[in-house]
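Summary of structural features
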Amino acid sequence: MLVADATGFVRQTHRKVLRRSILLTGCVAAVACVGNPKPVVETTPPGKPKLVVLIVADQLREDLLDQYGDLFTGGFKRLRVQGHSYVNATHEHAVTETAPGHATLATGVYPSRHGIVWNEWYTKQNGKWVQVTNISDSTEKIVGLPGASGFSPRNVMRDGLADWILAANPHSIVASVSGKDRGAIQPVAHAKGYVYWFDRGAGKFVTSTYYRTVDPDWITTFNDNLQQRFRSDSVWSSNVPQSFLARSDKDTVATEGDGTHTAFPHTYGSESTSMGYWWWWSATPDLDVATIDLAQTMVTSLGLGRDDIPDFLNVSASATDRVGHEYGPDSREQLDNLLRLDKELGSFFDFLDRTVGKNQWTVMLTADHGVLDSPEDLQARGEYGHRLTAADRAKLDSLRQEADRSTDPAAAAIKLRDDLKKLPIVADAWTHQQLATEQPADSFEVMQQHSMWPGREAGMFSREGVELRFVPGVIANVRGTTHGTSYFYDRHVPMIFMGAGIAPGRDSSHAATVDFAPTFARILGIPYPNDLDGHPLSAVSSH
């Protein structure tokens, strides 16, 4: 099928050569260590999309889209008007961090089955605890960065949607881009394709030798242009209109950022750190501008969505998380960031209409987790909010040290659990033995079970054989805010599907992030494993 424009023949010829190159270099090889249960075989739907797009807005809690809904004019507005929105969608695991959220979206199973239980965890090696990041892989390198340790998805113990697409259509192309390494790698599971993330030390988008050994020329050109475009952009000024200012917290809040530089404009000159310019820059909305720009470059350079062989593109926008951690979800900075992201997504959707074609692509917007309002905002509303004090930390440390001194780990775990449950800041605690063998007492315990993988210990007391749940509103951060709990505010995320044949509207029925992968598989009419924790959402996949 030729593209009906002046460069169509050149594009189509390039695409055939490109697909053949990917196939011959093993970029669609199956993962031998991953089990392949009997697949569910779907009937290929008529008019299936040529390109499926996953957009993950890191830390975008669902209610923020309603809170600022009338202010949006771009991509968020289009999704809310034209998309099918599951307004009660949640993650169903307890450890609501970036890596588990992305891996759950990719695989359709809980962390207890795909293995990515946290961003980092400890594992025993030669009798000692060693910290492991979710994507670390000493057998790989970073392309173009000599000496840098490489990354891969080998810690993911399941295949995912991108793998299923390639298994069904070996000539499909998989592409992924993010401001974070885990935001690019986890969403495509083991699939080998064009997977790039922003390296804050190098100031450019990079990949790992797991995917390829040399960057294509268009990546090199993109990175050169990025450095020229953004290297001198050392001021983040607010674009929030005067009439919108009252919708956010005031601009100067002592518990934001570094506690000193808490108001616009934010400048590298006054907020620079020893980590360098790109570390500062990558915590501003410009990171997502560059990420979406690279997504567009991928569509153009790879010819994504140009024929009837479906392609997959993941775009994980990371600035919402960086800004949220520093300033909070209700901050002036986050409002500015969301208005900018709304504009960028609107331009991106218009680009896909022009390039791939209207009704030829389908997208889902979601998030890897939510976030807690700052404790000070909670307190101002008469709700409980608490930052761990020095006394809190000392008490928790003393309990840990007591458990570590014991010569009976099982008995020590039980005592530690019981002692933790006596603290006013702790809602519940469980031993690992209890989680592994007993019937769960409530949904919180079920979600904790969903976040466990034997030998990968990440929680505050995991190495002592205990998991805990603080009461709602408690965080360890001295300033800013965070996420990571099983409470609704950390699990509530948008799930908005938009594309041909998908009826717009707000849907109050429950949906979970494990439902994403089988839903897109059904939309594409491709087989998927029959043992998933999620299921296709019929309202958006039965057309």
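Two numbers describe a pair of packed helices, the interaxial angle and the distance between the axes. Relative orientation of the contacting elements helix H6 (residues 161–168) and helix H20 (residues 516–524) amounts to 25°, with a least axis distance of 10 Å. In terms of orientation, H6 and H20 fall into the roughly parallel class. The way H6 lies across H20 gives a crossing that is right-handed. Where H6 abuts H20, its residues Leu161, Trp164 and Ile165 lie against Phe516, Ala517, Pro518, Phe520, Ala521 and Leu524. Taken together, the residues of the contact of H6 with H20 sort by class into nine nonpolar, no polar and no charged.

With that settled, the discussion passes to the layout of surface pockets. By volume, the largest pocket is sized at about 720 Å³. As for the largest pocket, its lining consists of 32 residues, of which Trp118, Met460, Leu468, Phe470 and Gly484 are closest to the centre. Every element with two or more residues in the lining of the largest pocket is listed here: helix H15 (390–405), helix H18 (443–449), strand E17 (466–470), strand E18 (474–475) and helix H19 (488–491). Empty space within the second largest pocket amounts to approximately 500 Å³. If you trace the second largest pocket, you find 20 residues lining it, with Trp279, Trp280, Ala283, Arg322 and Glu326 closest to the centre. Every element with two or more residues in the lining of the second largest pocket is listed here: helix H10 (277–281) and helix H12 (319–327).

Okay, the packing of aromatic side chains next. This model, assessed by the stated rule, comprises 25 aromatic pairs. Taking 6.4 Å as the distance between ring centres and 15° as the angle between the ring planes, the aromatic pair formed by Phe348 and Phe351 counts as stacked. On the criterion of helical spacing, the pair formed by Phe348 and Phe351 is a turn pair, its members being three residues apart in helix H13 (residues 332–355). For the residue pair Phe348 and Phe351, the accessibility class agrees, reading buried in each case. Judged by centre distance (5.5 Å) and plane angle (70°), the ring pair of Phe444 and Tyr487 falls under edge-to-face. One end of the pair, Phe444, is in helix H18; the other, Tyr487, is in the loop between E18 and H19, with 43 residues separating them in the sequence. The partly exposed category is assigned to Phe444, whose relative accessible area is 23%.

On inspection of all chains with the given rule, the structure shows 26 salt bridges. Among the ionic pairs, Asp373 bridges to Arg61, the shortest N-O distance being 3.1 Å. Residue Asp373 is located in the loop between strand E14 (361–366) and helix H14 (375–380), and its partner Arg61 is located in the loop between strand E2 (51–57) and helix H2 (63–67); the two are separated by 312 residues in the primary sequence. By the burial criterion, Asp373 is buried, and Arg61 matches it.

Further remarks concern empty space enclosed by the protein. A probe matching the size of a water molecule, rolled over the atoms, marks out where space remains unfilled. One pass over the structure, following the stated rule, counts two cavities of 30 Å³ or more. In this structure, the largest cavity spans a volume of roughly 70 Å³. Lining the largest cavity are 13 residues; nearest its centre among them are Ser451, Met452, Arg456, Ala458 and Glu467. Tallied by class, residues from the lining of the largest cavity come to six nonpolar, four polar and three charged.

Across a sheet, paired strands are connected by hydrogen bonds in the backbone, their directions being either parallel or antiparallel. The mixed open sheet is built from nine strands, whose spatial order is E10-E9-E8-E13-E2-E14-E19-E3-E20. Edge positions in the sheet fall to strand E10 (204–206) and strand E20 (505–507), since each has one partner strand and no second. Within the sheet, the average angular offset between the axes of one strand and its neighbour, ignoring direction, is 15°.

Another aspect to go through is the nonpolar core. With 61 residues, the main nonpolar core has Leu313 and Phe348 as its most contacted residues. Sequence-distant contacts of Leu313, defined by excluding residues within four places in its chain, comprise Leu51, Val52, Val53, Leu54, Ala175, Ala295, Met298, Val299, Leu304 and Phe348. Residues Ile135, Trp197, Tyr211 and Phe497 belong to the second largest nonpolar core, which totals 43 residues.

H20 sits mainly inside the fold: eight of its nine residues count as buried. What H20 keeps buried is the set Phe516, Ala517, Pro518, Thr519, Phe520, Ala521, Ile523 and Leu524. Just beyond H20, the residue with positive phi is Gly525, at close to 70°.

Counted at 1.5 Å a residue, the expected span for helix H11 (residues 286–302) with its 17 residues is 24 Å, and the 24 Å between its end C-alpha atoms agrees. Taking burial as the measure, the 17 residues of H11 include 15 buried ones, the bulk of the element.

What follows deals with the pairing of E2. With seven of its seven residues buried, E2 lies for the most part within the structure. Where burial is concerned, the two faces of E2 agree: the one with Leu51, Val53, Ile55 and Ala57 and the one with Val52, Leu54 and Val56 are both buried. When E2 meets strand E13 (residues 311–317), the two strands line up parallel, connected through seven bridges. Along E13, the bridge assignment pairs Leu54 with Asn314.

With that settled, the discussion passes to the environment of Asp368. For Asp368, the position within the fold is in the loop between E14 and H14. Judged by relative accessible area, Asp368 falls into the buried class, the value being 0%. When the C-alpha positions of Asp368 and Val493 are compared, they lie 7.6 Å apart, and in sequence the two are 125 residues distant. In this view, Asp368 contacts Val56, Ala57, Asp58, Gln59, His91, Glu97, Thr98, Gly101 and His102; residues no more than four positions away in its chain are not counted. In terms of polar contacts, Asp368 uses its side chain to reach the side chain of Thr98, at 3.2 Å. At a separation of 3.4 Å, a polar atom in the side chain of Asp368 contacts the side chain of His369.

So, on to the side chain of Arg469. In this structure, Arg469 sits in strand E17. Buried and without a salt bridge, Arg469 has Asp428 as its closest oppositely charged side chain, separated by 4.0 Å. Within polar-contact distance, the side chain of Arg469 engages the side chain of Tyr487 at 3.0 Å.

Let us look at the packing of helix H3 (residues 75–82) against H13. Between H3 and H13, the shortest axis-to-axis distance is 6 Å and the interhelical angle comes to 65°. Here H3 lies roughly perpendicular to H13, going by the angle between them. Between H3, through Gly75, Phe76, Lys77, Arg78 and Leu79, and H13, the contact on the second element is made entirely by Leu338, Leu341, Asp342, Leu345, Gly346, Phe349, Asp350 and Asp353. When the residues that make up the contact of H3 with H13 are grouped by side-chain class, the tally is six nonpolar, two polar and five charged.

What counts and how
Residues numbered from 1 in each chain as written. Predicted model: local features only at pLDDT ≥ 70, side-chain atom pairs only at ≥ 80, totals over all residues. Heavy atoms only, no water. Axes fitted to C-alpha atoms, helices over the stretch in contact; angles between N-to-C directions. Helix = DSSP H or I, 4+ residues; strand = E, 2+ residues; numbered from the N terminus. Parallel < 35°, antiparallel > 145°, perpendicular 65-115°, else oblique. Left-handed = near helix turned anticlockwise from the far one by under 90°. Contact = heavy atoms within 4.5 Å. Nonpolar A, V, L, I, M, F, W, Y, C, P; charged D, E, K, R; others polar. 1 Å grid on protein atoms, 1.4 Å probe; cavity = no way out; pocket = protein on both sides within 12 Å on 5 of 7 lines; lining within 4 Å. Points joined across faces, edges and corners; volume = space filled by probe spheres on them. Phe/Tyr/Trp six-rings, centres within 6.5 Å; stacked < 30°, edge-to-face > 60°. Buried < 20%, exposed > 50% of the residue type's maximum accessible area, 1.4 Å probe, protein only. Salt bridge = Lys/Arg side-chain N within 4 Å of Asp/Glu carboxyl O. Pairing = 2+ DSSP bridges. Core = buried A, V, L, I, M, F, W, Y, C linked by side-chain atoms within 4.5 Å. Expected span 1.5 Å × (residues − 1). Polar contact = N/O pair within 3.5 Å; in protein donor to acceptor, adjacent residues only side chain to side chain. Lys, Arg positive; Asp, Glu negative; His and termini not counted.

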